[in-house]
Amino acid sequence: MKPHNLVVILLICIAAATVTPASAGPADVTVTSSTLDPSVLMKGDVGTLTVEIKNNGADGVAIRSARLYGSGVVGLSDPYPSVGDIGAGTTKTFTFTVRADGGEGTFYPTLVIDFQNDGTLRHPVPILVEDTPLTATIVGKPDAFSEGKRADIAIQVGNPRPNDVSGVQVIPQGTGFTTTPTGAFIGALATDEARTVPFNLTPEGETDVAFTVSWRNGINAHAVDLTLPVTFGEDKRQADLFITNIEVTPEAGRYRILGDVMNAGLEPARSVLITPGSSAIPTDPFRVYVVGTLDPDDAAPFEVTFRTDGNATTIPIIAEYRDDDGNRYVMTAVVDLGGTAAPSAERDEGIPMTGIVVAILIAIGVIGAIFYSWRRK
Amino acid sequence: MDTGFLRVLFDPGRFFEERMRGEAGLKIPALIILAYGIVGAVAAALMVNVIIAILPGEAQAYAAFGIAIAVIGALIMGYLMWIACAVILYAISMIFKGEGTFTRTLEFTGYGFLPQFIGSIIGAAFSYQIISNLTIPPMTNIEQIAEVSESLAGIIATDPLMQISGVLSLLFVLWSANILIFGMKYARNLSTRDAALTVGIPTALYAVYILATITGWV
């Protein structure tokens, strides 16, 4: 071989050695996965985006920086200013804090990775923003509320969102009522699931009860209110007492009223008491008549005795009763005394002792006179 | 001690025995019946006065008339009762072959009303006590008057004072019967047993009636 041929071959080898790269290029680095927590953001939510890249090349790749940018969903955390090498066949994870600043929809913030050797990887990461809240509905309530009467309320909480939520609670808010329990904890609620929570609500007056359903989407707290107007009305099922078949009997020093009390409602009346009302002075033997429990469509006789001040022409007869929760109700029936003479309230009740003493003395005198007349015969 | 006709209350045997020595006289018995009738008239007037008080204004104009009717009725009733009692006793005594004039029987029966007179005073006092304690609402129509009258009757009938009064009246009836036993013994010349039966039978029937009234059987 000639000497100049040898030099040419040597130069070609040198050139070849110079052209061959020292490491793998940007083309070998790919984004293998991205995850968002929570998986679906609501407007204003803050989430954590984790992106994993892999070096598919045979040699390591030097990465200068990594950052995320875009609109609608913006990165809150600082970019990675100096990343370093990613070895051949290895992966690297980048985590960004993002916030949904735009409206609803799918946004594509871009992950930008700058390589040491003038290369750049741009990868759009899809992020779904949906503002659908949890739903709260009243699935159980009475036909009407009554003051002080316990009502059973059932609230159903549903999750129409495309992702699971956690920390779901239902808390009644407002004044003028009491509830048991004071709040209900549901916890995690998977997508398209629903839970029902019961409450016992006892209103003290007409009011609005706000049931606040709160939950967390990732680290973001959300709430929605469900308002239940509490207005008093007639309970269609409650006990309904009527006093009938009244018979007023004036007696010496008092009146005696006989009658029937009937329950025309659909629920039993408990602890039914019958008493004469104001302007009447209850007297023995029936100052008060305890009927007890009166079932629906049932009737019971009662009897009360009382005196009046002599001027009363009507007397209220009061029927007190309670429902199953112990709430007290009062029903009043006015009984007309106008057609009867009024025994005086000033006379003592019962047998007049003075009259008895006089009668005994007279009896002794008469018997003595009769006895005397036979002795003198 | 001579206490006049009042002696009949405590010593009727001797009183009637002495009266048999003289002619039959109806003056004192008639006065006794008059006094008995007056007491009854006062009691009736009190009751009528209560009734009149509840009548409507225009009806109260007849108050005096109503009271007068009650008084006259009570007086007449006293004499009618006297005569009726005498007739009954005279008739029953005939069963025991009693002898004596009806006038004598009438005289002695009149004396027998003396305890009734005392009893009627006490009864009137008891009735006044009951009536004065009643408050009666003003009435505007005839239905209310009927109701009040009925309730008044109920009140008076159930009043313990009235029941005590009933028992007392029974005692005075027994006292009268005791006097009349002696009266019939002498007026109709009966044995004590026959006189007791003559007086006892109607008295027992009357006592049963009084007891039935007190206990509410009738």
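Residues numbered from 1 in each chain as written. Chains lettered and ligands numbered in written order. Predicted model: local features only at pLDDT ≥ 70, side-chain atom pairs only at ≥ 80, totals over all residues. Heavy atoms only, no water.

### Observations concerning the overall build of chain B
For step 1, the next point in the chain: What chain B contains, in helices and strands, is 8 helices and 1 strand.
For step 2, the next point in the chain: Listed N to C, the secondary structure of chain B is α-α-α-α-α-β-α-α-α in terms of helices and strands.
For step 3, the next point in the chain: A total of 218 residues make up chain B; the buried ones form 45% of that total.
For step 4, the next point in the chain: Considering only contacts within chain B whose residues lie at least 6 apart along the sequence, 78% involve residues at least 24 apart.
For step 5, the next point in the chain: Carbon and sulfur atoms form 71% of the exposed surface of chain B, whose accessible area is close to 10,600 Å². (Helix = DSSP H or I, 4+ residues; strand = E, 2+ residues; numbered from the N terminus. Buried < 20%, exposed > 50% of the residue type's maximum accessible area, 1.4 Å probe, protein only. Contact = heavy atoms within 4.5 Å. Areas by Shrake-Rupley, 256 points an atom, 1.4 Å probe, with all protein chains shown as cover.)

### Describing the pattern of salt bridges
All names here are of chain B.
For step 1, the next point in the chain: Tallied over the full model, the rule gives 11 salt bridges over all chains.
For step 2, the next point in the chain: Here Arg19 makes a salt bridge to Glu107, at a shortest N to O gap of 2.9 Å. Of this pair, Arg19 sits in helix H1 (residues 12-19) while Glu107 sits in helix H4 (residues 102-112), placing them 88 residues apart in sequence.
For step 3, the next point in the chain: By relative accessible area, Arg19 is classed as partly exposed at 26%. (Salt bridge = Lys/Arg side-chain N within 4 Å of Asp/Glu carboxyl O.)

### Focus on the environment of B:Ile201
For step 1, the next point in the chain: Take B:Ile201: it is sitting in helix H8 (residues 192-215).
For step 2, the next point in the chain: Spatially, the C-alpha atom of B:Ile201 lies 9.6 Å from that of B:Leu89, the residues being 112 residues apart in sequence.

### Observations concerning the sheet that holds strand S6 (residues 84-86) of chain A
Residues and elements named next belong to chain A.
For step 1, the next point in the chain: Here we have 4 strands laid out as an open sheet, ordered S6-S4-S9-S10, and antiparallel in their pairing. Of all strands in the sheet, those bounded by a partner on one side alone are S6 and strand S10 (120-124). Sheet twist, expressed as the average angle between the axes of neighbouring strands with direction ignored, equals 40°.
For step 2, the next point in the chain: With 5 bridges connecting them, strand S9 (residues 110-115) and S10 associate as antiparallel partners. If you follow Asp114 over to S10, its bridge partner there is Thr120. (Pairing = 2+ DSSP bridges. Axes fitted to C-alpha atoms, helices over the stretch in contact; angles between N-to-C directions.)

### So, the pairing of strand S13 (residues 151-158) of chain A
Residues and elements named next belong to chain A.
For step 1, the next point in the chain: Counted residue by residue, S13 has 6 buried out of 8 residues, so it is predominantly covered.
For step 2, the next point in the chain: The pairing of strand S12 (residues 135-140) with S13 spans 5 bridges and is antiparallel. Each bridged residue has a counterpart across the sheet, and for Thr135 the counterpart in S13 is Gly158.

### Observations concerning the sheet that holds strand S27 (residues 328-336) of chain A
Residues and elements named next belong to chain A.
For step 1, the next point in the chain: With antiparallel pairing, the 4 strands of this open sheet are ordered in space as S24-S22-S26-S27. Two strands in the sheet have a free side with no partner beyond their single neighbour: strand S24 (289-294) and S27. Taken pair by pair, the neighbouring strands of this sheet meet at an average axis angle of 20°, ignoring direction.
For step 2, the next point in the chain: In this sheet, S27 lies alongside strand S26 (residues 314-322) in antiparallel orientation, the contact comprising 9 bridges.

### Some points on the pairing of strand S3 (residues 46-55) of chain A
Residues and elements named next belong to chain A.
For step 1, the next point in the chain: Side chains Gly47, Leu49, Val51, Ile53 and Asn55 of S3 all project onto a buried face; the interleaved residues Val46, Thr48, Thr50, Glu52 and Lys54 project onto a face where none is buried.
For step 2, the next point in the chain: Here strand S1 (residues 29-37) runs beside S3; their pairing, made up of 8 bridges, is antiparallel. Looking at S3, one finds that Ser33 is bridged to Glu52.

### Some thoughts on the nonpolar core
For step 1, the next point in the chain: Formed by 33 residues in total, the largest nonpolar core has its most connected members in A:Val366, B:Val8, B:Phe16, B:Tyr111, B:Leu168, B:Phe172 and B:Trp175.
For step 2, the next point in the chain: Breaking this core down by element, the ones donating at least two residues are helix H2 (353-375) of chain A together with H1, helix H2 (27-53), helix H3 (63-95), H4, helix H5 (114-132) and helix H7 (160-187) of chain B.
For step 3, the next point in the chain: Sorting elements by how many residues they give to this core places H7(B) first, with 9 residues.
For step 4, the next point in the chain: In contact with B:Tyr111, other than residues within four places in its own chain, are B:Phe5, B:Val8, B:Phe15, B:Phe16, B:Arg19, B:Ile28, B:Pro29 and B:Ile32. (Core = buried A, V, L, I, M, F, W, Y, C linked by side-chain atoms within 4.5 Å.)

### Some thoughts on a nonpolar patch on the surface
For step 1, the next point in the chain: Judged by side-chain polarity, B:Ile72, B:Ile76, B:Met77, B:Leu80 and B:Met81 come together as a nonpolar surface patch covering roughly 450 Å² of accessible area.
For step 2, the next point in the chain: Structurally, the position occupied by B:Met77 is in helix H3. (Patch = residues over 30% accessible without salt bridge, like charges linked within 9 Å, V, L, I, M, F, W, Y side chains within 5 Å.)

### Details of the confidence of the model for chain B
Residue and element names in this part refer to chain B.
For step 1, the next point in the chain: With 82% of its residues at a pLDDT of 70 or more, chain B shows a mean pLDDT of 82.
For step 2, the next point in the chain: The secondary-structure element of chain B with the lowest mean pLDDT is strand S1 (residues 134-135), recorded at 63, while H4 shows the highest, at 92.
For step 3, the next point in the chain: Per the prediction output, this complex has pTM 0.49; the corresponding ipTM is 0.82. (pLDDT = per-residue confidence, 0-100.)

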